[in-house]
Amino acid sequence: ANNCLASAGAVLVALPGLVEQSVSNPAGPFRPGTALTVSDTVLNDSPVSAAASTSKYYLSTDTVRNTGDVLLTGGRSVPSLGPSATSSGSASVTIPATTAPGTYVLLACADDTKVVVEGNESNNCRASGTAITVMLPDLVEQSVVNPGGPFRPGATFTVSDTVLNDSLVGTPASSSTRYYLSADTVRNTGDILLTGARTVPILGPSASSSASVAVTIPSTTLPGTYFLLACADDTKLVAESNEANNCRASGTAVVVAP
């Protein structure tokens, strides 16, 4: 009965505990498909060392990590951390192009790939203090100059117009403005597409582009009185927050004479 002897002090058996101590609040808004820089600090809140891990980042509609959150492309490699040690760093991450416009918080999640067995797996994430807005551009025709006239079918004239990006995010690509003759001020399937278009360059937030282009009335156009419509991004190269406000009608009618 006297074969065993206990140590004078206790022996602690513990697991690592990786916790996000802080995450930056990236300035926005951002367009889907764009990159941003995230900074965060990971703490090993444990008396034993933790192996190397990876922090991942999400957009979430609340402050809790769940299956509906949007995983950002990219992450940060966190080195092995000793007891109570921290790792701070930055990572470039990209918002997926399919992300729905809206307001989100940024979540930084330590050891998101679960390579470290931890004493508590439910405290790995931390939310940013402020919200992030994801939004789309919005191309709007601000003005179109009345071309004068009358014109015969087949005639060429010059159109001048201004396109505004009425958004706080830039466009991802150039776009094409096209022009129509219409019986009313609304773009519809019965309108007559004029030959000729204007390339609008990439526009930053609240930026505009003004220029002139020569257009030609199709020779098959029936004589009559029409409005001239200028329609921004008429070939739908740019995903927009509002696709219904791209066109503007001239202030006075255009006469096509026999």
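One structure accompanies this document, and this report is about it. (Residues numbered from 1 in each chain as written. Predicted model: local features only at pLDDT ≥ 70, side-chain atom pairs only at ≥ 80, totals over all residues. Heavy atoms only, no water.)

## A look at the state of the cysteines
In this structure the tally under the stated criterion is two disulfides. The side chain of Cys109 participates in a disulfide bridge whose partner is Cys125; the two sulfur atoms lie 2.0 Å from each other. Because the sign of the S-S torsion sets the handedness, a value of about 115 degrees for the bond joining Cys109 and Cys125 places this disulfide among the right-handed ones. Remark: Cys125 occurs in strand E8 (residues 125-127) and Cys109 occurs in strand E7 (residues 102-109); sequence separation between them is 16 residues. For Cys109, a relative accessible area of 0% corresponds to the buried category. At a sulfur-sulfur separation of 2.0 Å, the disulfide partner of Cys231 is Cys247. Taking the sign of the S-S torsion, about 115 degrees here, the bridge from Cys231 to Cys247 comes out right-handed. Note that Cys231 is positioned in strand E15 (residues 224-231) and Cys247 in strand E16 (residues 247-249), a separation of 16 residues in sequence. (Disulfide = S-S within 2.5 Å. Helix = DSSP H or I, 4+ residues; strand = E, 2+ residues; numbered from the N terminus. Buried < 20%, exposed > 50% of the residue type's maximum accessible area, 1.4 Å probe, protein only.)

## Concerning the sheet that holds strand E6 (residues 86-94)
What the three strands build is an open sheet, ordered E1-E2-E6; its pairing is antiparallel. Edge strands, defined here as strands with exactly one partner in the open sheet, are strand E1 (18-23) and E6. Taken over all neighbouring pairs, the strand axes of this sheet differ in orientation by 35 degrees on average, direction set aside. Direction of pairing for E1 relative to strand E2 (residues 35-44): antiparallel, over a ladder of five bridges. Within the sheet, the bridge partner assigned to Glu20 lies in E2 and is Val42. (Pairing = 2+ DSSP bridges. Axes fitted to C-alpha atoms, helices over the stretch in contact; angles between N-to-C directions.)

## Thoughts on the side chain of Thr162
Within the fold, Thr162 resides in strand E11 (residues 156-165). Residue Thr162 is classed as buried on the basis of its relative accessible area of 12%. A polar atom in the side chain of Thr162 sits 2.5 Å from the side chain of Ser210. (Polar contact = N/O pair within 3.5 Å; in protein donor to acceptor, adjacent residues only side chain to side chain.)

## Focus: the environment of Pro101
The residue Pro101 is located in the loop between E6 and E7 in this model. Every residue in contact with Pro101, bar those within four places of it in the chain, is listed here: Val134, Met135 and Leu136. (Contact = heavy atoms within 4.5 Å.)

## Here we look at the packing of aromatic side chains
Scanning the model with the defined rule gives one aromatic pair in all. Between Arg65 and the ring centre of Tyr58, over which it is positioned, the NZ or CZ distance is 3.8 Å. Against the face of Tyr180 rests Arg187, its NZ or CZ located 3.9 Å from the ring centre. (Phe/Tyr/Trp six-rings, centres within 6.5 Å; stacked < 30°, edge-to-face > 60°. Lys NZ or Arg CZ within 6 Å of the ring centre and 35° of its normal.)

Taken by themselves, the reported measurements are silent on function.
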